Amino acid sequence: QVDFVESGGGLVQPGGSLRLSCTVSGSISATAVMGWYRQPPGKMRDWIVSILGSGGTNYDKLVRDRFTISRDNAKRTAYLQMNNLKPEDTAVYYCYALWSGETYWGQGTQVTVSS
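Anyway, here's the lowdown on the structure attached to this text. (Residues numbered from 1 in each chain as written. Predicted model: local features only at pLDDT ≥ 70, side-chain atom pairs only at ≥ 80, totals over all residues. Heavy atoms only, no water.)

Next up on the list: the sheet that holds strand E3 (residues 18-26). With respect to topology, four strands assemble into an open sheet ordered E1-E3-E8-E7, the strand pairing being antiparallel. Two strands bound the open sheet, and with one partner strand each, they are strand E1 (2-7) and strand E7 (67-72). The sheet shows a mean angle of 15 degrees between the axes of neighbouring strands, taken without regard to direction. Here E3 runs beside strand E8 (residues 77-82); their pairing, made up of six bridges, is antiparallel. The residue bridging Arg-19 from the neighbouring strand is Gln-81, located in E8. (Pairing = 2+ DSSP bridges. Helix = DSSP H or I, 4+ residues; strand = E, 2+ residues; numbered from the N terminus. Axes fitted to C-alpha atoms, helices over the stretch in contact; angles between N-to-C directions.)

Now the structure itself:
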């Protein structure tokens, strides 16, 4: 069993910042690949960012210049710093972890960008 604790979502004005956190526990390595997908209202869930256990990162082009992912393996936690947020970033953000061929999902956290 793998459990997630996600936090950091909320309402922010355009141009503002938020920091998401995602902590995993249970039967999963501390160095599992972690990242986020997001699902805007009425749309499909899309991958946006991932980080390897070694710290290597990959970003979708829509967020590459504004979002930064990091992790603390000792805390089994990944972080997503989101800057210069835009209304089109409004979505439910789902943390995920990939380990041993399995993808595990967090419960999601709402991010709303609106004035």
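Attention shifts here to the pairing of strand E9 (residues 91-99). In summary, the side chains of a regular strand alternate between the two faces of the sheet. In this sheet, E9 lies alongside strand E4 (residues 33-39) in antiparallel orientation, the contact comprising seven bridges. Bridging from a neighbouring strand, Val-33 pairs with Leu-98 of E9. Two strands pair when backbone bridges link them, and E9 and strand E10 (residues 102-105) are joined in this way by four bridges, in the antiparallel orientation. Looking at E10, one finds that Ala-97 is bridged to Tyr-104.

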